[in-house]
Amino acid sequence: MPPGPPLAPAGGLPTDPPPGLPPGLTLVATPIGNLDDLSARALAALRGADAVLCEDTRVTSKLLARHGISATLWPLHDHNEEARLPDLVARLHNGARLALVSDAGTPLVSDPGYRLVRAVIAAGLAVHAIPGANAAVMALTLSGLPPHPFLFLGFLPARTGPRQAELARLKAMEQAGLSATLIFYEAPHRAAETLAALATALGPDRPAALARELTKRFEEVRRGTLATLLEGALADPPRGEVVLLAGPPPADAHGTASLDEALLAAMGSMSLRDAAAVVAVGHGLPRKSVYARALELAAQNPRAD
Ligand code: SAM
């Protein structure tokens, strides 16, 4: 292994990493509203990059201009990411230093970049990250809901059918033992509709939070239950960017669901094997015996399809 950077002097702080951007791909987190939330390392990386890959060059050039940085910007978004992979990987092979940013927050988190990172890893090239703002984690820390375990689900499908199916799958996972704070991104004009869907699927009394305009002038966190937040969202529609959170089910909720109930619920939305695996973990039982019971239940309850 090559020698690492020098260690911290005894009793002191770790030494700074070497200046400049190393060759390879560097994921650089940018602010989620307040443009001052850009770290010194992020600034150095953006200054040192041969090119900055970004979702929207107008958004990123505004950010760079504010910090007096002029950089070559190349668009990378959902529609061209796949096609750009061979060229970008070839450039990285030749020693390029590329930075990847999204319009806001941490790249890849409900934003483009996953396919590029996979391709770079598959090519045996370096990927680095400079951490920073992320709306989901900031909302979680402000919500007053249990911080872990948490499950980040990004955007639910906008269409009613697929959204209901996803929420039914989530409910089945809870019945099988999942107990986590759930985090969703949402567009403000759909916040009330999504709160209503969550209240229907998870129950109106579930503790919940709505965090909006984080790091911005009108930052606000509403805390309550899914029902009270829905009421509030109808009376006073939240404007700006929104994160929705729902706490874990009450402690006794999955304790009361029998193994058979949990299996039947999980089997409604996933394969027999997956349902058995999920329920086995939730109930702390051996997967083999739960799978055997799932086979029996499937034989007794043939599916309509
Ligand atoms: N990559 C970003 C991150 O790390 O948070 C998320 C990008 S995703 C396309 C945009 C969604 O993130 C918004 O619809 C909203 O749900 C959430 N979001 C982004 N900025 C926010 C903010 N300042 N306050 C609340 N939610 C925010």
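Right above here is the structure, for reference.
Rules and cut-offs
- Residues numbered from 1 in each chain as written.
- Predicted model: local features only at pLDDT ≥ 70, side-chain atom pairs only at ≥ 80, totals over all residues.
- Heavy atoms only, no water.
- Core = buried A, V, L, I, M, F, W, Y, C linked by side-chain atoms within 4.5 Å.
- Buried < 20%, exposed > 50% of the residue type's maximum accessible area, 1.4 Å probe, protein only.
- Helix = DSSP H or I, 4+ residues; strand = E, 2+ residues; numbered from the N terminus.
- Contact = heavy atoms within 4.5 Å.
- Near = heavy atom within 4 Å.
- Polar contact = N/O pair within 3.5 Å; in protein donor to acceptor, adjacent residues only side chain to side chain.
- Areas by Shrake-Rupley, 256 points an atom, 1.4 Å probe, with all protein chains shown as cover.
- Nonpolar A, V, L, I, M, F, W, Y, C, P; charged D, E, K, R; others polar.
- Domains from an automatic or database assignment.
- Expected span 1.5 Å × (residues − 1).
- Salt bridge = Lys/Arg side-chain N within 4 Å of Asp/Glu carboxyl O.
- Pairing = 2+ DSSP bridges.
- Axes fitted to C-alpha atoms, helices over the stretch in contact; angles between N-to-C directions.

What follows deals with the nonpolar core. One broad trend across soluble globular proteins is that nonpolar side chains are buried collectively. Leu182, Phe184, Leu195, Leu198, Leu226 and Leu244 are the most contacted members of the largest nonpolar core, which has 22 residues in total. Elements represented by at least two residues in this core include exactly helix H6 (160-175), strand E7 (181-186), helix H7 (191-202), strand E8 (207-212), helix H8 (226-235) and strand E10 (242-246). Looking at which element gives the most residues to this core, the answer is H7, with seven residues. Look past the residues within four positions of Leu244 in its chain and what remains in contact with it is Leu182, Ile183, Phe184, Glu186, Ala191, Thr194, Leu195, Leu198, Ala209 and Leu210. With 16 residues, the next largest nonpolar core counts Leu38, Leu46, Val101 and Ile130 among its residues.

All right, on to the site of the ligand then. Neighbouring residues of the ligand: 19 residues in total, closest Ile32, Thr106, Asp111, Tyr185 and Val242. Here an oxygen atom of the ligand and a backbone polar atom of Ala135 are 2.9 Å apart. Between the ligand and Glu186, the relevant distance is 3.3 Å, taken from an oxygen atom to a main-chain nitrogen or oxygen of the residue. Protein contacts shield 91% of the accessible area of the ligand, which totals 570 Å² for the unbound molecule. Looking at the shell around the ligand residue by residue, the class counts come to ten nonpolar, four polar and five charged. Lining the shell around the ligand are residues from two domains, each supplying at least three of them: domain 1 (24-133) and domain 2 (136-246).

Another aspect to go through is helix H11 (residues 272-283). Between its first and last C-alpha atoms H11 spans 16 Å; for twelve residues at 1.5 Å apiece the expected length is 16 Å, and the two agree. Listing the buried residues of H11 in full gives Ala275, Ala276, Ala277, Val279 and Ala280. For H11, the elements touching its buried residues are helix H10 (259-267) and helix H12 (287-300). Looking one or two places after H11, you find Gly284, whose phi comes out positive at around 65°.

Our next topic: the pattern of salt bridges. Applying the stated criterion across every chain yields a total of 17 salt bridges. The partner of Glu82 in a salt bridge is Arg115, with the nearest N and O atoms 3.5 Å apart. With Glu82 in helix H3 (residues 81-93) and Arg115 in helix H4 (residues 114-122), the pair connects residues that are 33 residues apart, well separated along the chain. The exposure class of Arg115 is partly exposed, given its relative accessible area of 30%. When the shortest N-O distance is used, the salt bridge between Arg293 and Glu296 registers 2.6 Å.

On to the sheet that holds strand E1 (residues 24-28). Taken in spatial order, the five strands line up as E3-E2-E4-E1-E5 in an open sheet, and their pairing is parallel. The sheet is open, and its two edges are formed by strand E3 (73-75) and strand E5 (127-130), each paired on a single side. With direction set aside, neighbouring strand axes in the sheet form an average angle of 25°. By the bridge criterion, four bridges tie E1 to strand E4 (residues 97-100) in an arrangement that is parallel. Directly across from Thr26, in E4, lies its bridge partner Ala99. Where H3 meets the sheet, its contacts fall on E1, strand E2 (51-54), E3 and E4, and the angle it forms with E3 comes to roughly 150°.

Purely spatial values, then, with no claim about function.
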